[in-house]
Amino acid sequence: MIRKQDEGFDIIIIGGGIVGLSLAYYLASKSDLRLALLEKDLLAQASTGLSVGGIRQQFSHPANIRLSQHSLHLLDILRYQLGNQESFLIHQVGYLFLVQSDNVWSTFLENVALQQNLQVPVEVLSPAQIKKQWPFLRTDDLAGGTFCSADGYTDPYQVAMVYARGCRQQKVVILEQTPVEKIEVEAQRVQAVITPQGRLSASLVINAAGAWAGEVAALAGIKLPITPLRRQVFVTHPFRLGQQPLPLIIDFENHFYFREEGLGYLLGLSDPAESPGFKSGIELSLLERLTEIATHRVPTLAQASIARGWSGLYAMTPDENPILGPLPEVEGFWVASGFSGHGFQHAPAVGDILSDLILYGETNFDLGPYRYQRFQNSTSSKGEERTV
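What comes next concerns the included structure.

Conventions and cut-offs
Residues numbered from 1 in each chain as written. Predicted model: local features only at pLDDT ≥ 70, side-chain atom pairs only at ≥ 80, totals over all residues. Heavy atoms only, no water. Helix = DSSP H or I, 4+ residues; strand = E, 2+ residues; numbered from the N terminus. Rg over C-alpha atoms; globule rule 2.2 N^0.38 Å. Buried < 20%, exposed > 50% of the residue type's maximum accessible area, 1.4 Å probe, protein only. Contact = heavy atoms within 4.5 Å. Areas by Shrake-Rupley, 256 points an atom, 1.4 Å probe, with all protein chains shown as cover. Lys, Arg positive; Asp, Glu negative; His and termini not counted. Charge placed at Lys NZ, Arg CZ, Asp CG, Glu CD. Expected span 1.5 Å × (residues − 1). Salt bridge = Lys/Arg side-chain N within 4 Å of Asp/Glu carboxyl O. Pairing = 2+ DSSP bridges. Axes fitted to C-alpha atoms, helices over the stretch in contact; angles between N-to-C directions. Parallel < 35°, antiparallel > 145°, perpendicular 65-115°, else oblique. Nonpolar A, V, L, I, M, F, W, Y, C, P; charged D, E, K, R; others polar.

### Examining the overall build of the chain
Then, number 1: Looking only at helices and strands, one finds eight helices and 19 strands in the chain.
Then, number 2: In terms of C-alpha radius of gyration, the chain reaches 21 Å, essentially the compact-globule figure of 21 Å for 388 residues.
Then, number 3: Residues counted as buried form 56% of the 388 residues belonging to the chain.
Then, number 4: Pairs at least 24 apart in sequence give 75% of the contacts found in the chain among residues at least 6 apart.
Then, number 5: With the model as given, the accessible surface of the chain reaches about 16200 Å², and the carbon-plus-sulfur share is 49%.
Then, number 6: Here the chain contributes 30 positively and 39 negatively charged side chains, and the mean placements of these two sets differ by 2 Å.

Structure representation (structure tokens):
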């Protein structure tokens, strides 16, 4: 449980994306602690602003399902608490997963049983049912699909700005263009954060730096298993496939996904060959592969043309699940990062849950699967949650 300090800040959050803003908002809403949020650039300009904005409950891990459910609930509340219903729109058009091979389909059916047991309104669809509902899709090579009508997407930047407005209303000190140069540690306890503008003392520092979380942890002398990984997306010129609105569609085994974006479509391909690193920009070679896969699944997309593209960074962990909570090496140093592509959709829930743990010393959500200690003396296998 955090105690107020006599000077400086009680809590400093490093990272001005959706995770950091959510944490700051819920901490400020539940306490009178002095909070500062530091962002090396401008708020929500990095991974958050470049996100596809998907929100889904179709996960294979129960903890991830519960995070998504809680986030959907909190986002619905947020729209009314900080403005009005039009603060941001949640397009609950559904997520449609398409599966080809029998062994992957068996795993999906097991996941559906878990999801339905947790009250996720997911349906199992045959290739014929998929073709009838979405006739533009090629289905002759599919084993089946799963569809959840409560899933969908929203605008990540708009959501982040709503949280930022709430933080300012709660007197959170937001310092943009303020990179962290060092995290001061004495006797294995956090003392302060050093920036170009000066020294900011705090008894608790939260690393919500996303793809840069490993670099931030190193400033405190900690090696964190979080690495950046580029993901590229493209948007077509105005083009219609027919029936609207469409779900966010994921061709699972081909790593291809698309959804509506304005009058066109946003297309993405998670490249298994992409190597970790702080890469930026887009590559035509990936666009060529994406085009081949996209026109196989949606033949009429051959008539569309690409208007623009961009890339963002995922914060990846070895098992593709986040690290949440305190680190044992340095007292007062917490992490909320490593979401591996799920950061936007899980940020509201994580902000609410971690703020309870920090302020009250307990939470009714089991954070066991996300503890940092799982990587100590273990050989965690790569996860199967997949991004988007």
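Next comes the rest of the description.
### Re helix α1 (residues 18–30)
Because the α-helix completes a turn every 3.6 residues, residues three or four places apart line up on one side.
Then, number 1: End to end, α1 covers 18 Å across 13 residues, agreeing with the expected 18 Å (1.5 Å per residue, within 8%).
Then, number 2: By the burial criterion, the buried members of α1 are Ile18, Val19, Gly20, Leu21, Ser22, Leu23, Ala24, Tyr25, Tyr26, Leu27 and Ala28.

### Looking at the pattern of salt bridges
Then, number 1: Enumeration over the complete set of coordinates arrives at 16 salt bridges.
Then, number 2: In this structure, the salt-bridge partner of Asp251 is Arg297, at a minimum N-O distance of 2.9 Å. In this pair, Asp251 is assigned in strand β14 (residues 248–251) and Arg297 in helix α7 (residues 284–297), connecting sequence segments 46 residues apart. Taken individually, Asp251 and Arg297 each receive the classification buried, so the pair is uniform in this respect.
Then, number 3: Three or more residues joined by partner-sharing salt bridges are found here, namely Arg230, Glu274, Lys279 and Glu283.

### Quick word on the sheet that holds strand β17 (residues 306–316)
Pairing between the strands of a sheet is mediated by backbone hydrogen bonds and can be parallel or antiparallel.
Then, number 1: Taken in spatial order, the eight strands line up as β5-β6-β4-β14-β15-β16-β13-β17 in an open sheet, and their pairing is mixed. Every other strand in the sheet has two partners, leaving β5 (122–125) and β17 as the edge strands with one partner each. This sheet shows a mean twist of 20° between the axes of neighbouring strands, independent of strand direction.
Then, number 2: Inspection of the sheet shows strand β4 (residues 95–99) paired to strand β6 (residues 144–148) by five bridges, in the antiparallel sense. In the sheet register, Phe97 faces β6, and the bridge partner there is Thr146.
Then, number 3: Docked against the sheet, helix α3 (residues 102–117) engages β4, β5 and β6, running at close to 150° with respect to β5.
Then, number 4: Each of β4, β13 (227–236), β14, β15 (256–261), β16 (264–269) and β17 is contacted by α7, which is oriented at about 115° to β16, the strand it contacts most.

### A word on the packing of helix α2 (residues 62–81) against helix α8 (residues 343–360)
Then, number 1: Here α2 crosses α8 at 90°, and the two axes come no closer than 7 Å. Here α8 runs roughly perpendicular to α2, going by the angle between their axes. Each of Asn64, Leu67, Ser68, His70, Ser71, Leu74 and Leu75 in α2 lies in contact with α8, whose residues at this interface are Gln345, His346, Ala347, Pro348, Ala349, Val350, Asp352 and Ile353.
Then, number 2: Looking at the contact of α2 with α8 residue by residue, the classes come out as eight nonpolar, six polar and one charged.

### So, the sheet that holds strand β11 (residues 198–201)
Then, number 1: In spatial order, the strands read β9-β10-β11; together these three strands make up an open sheet with antiparallel pairing. Of all strands in the sheet, those bounded by a partner on one side alone are β9 (182–186) and β11. For this sheet the average axis-to-axis angle between neighbouring strands, irrespective of direction, equals 30°.

### Looking at the environment of Val104
Then, number 1: Take Val104: it is sitting in helix α3.
Then, number 2: Judged by relative accessible area, which is 18%, Val104 ranks as buried.
Then, number 3: Each C-alpha atom, one on Val104 and one on Phe252, is 9.3 Å from the other, the two residues being 148 residues apart in sequence.
Then, number 4: Apart from the residues lying within four places of it in its own chain, the contact partners of Val104 are Val99, Phe252 and Glu253.

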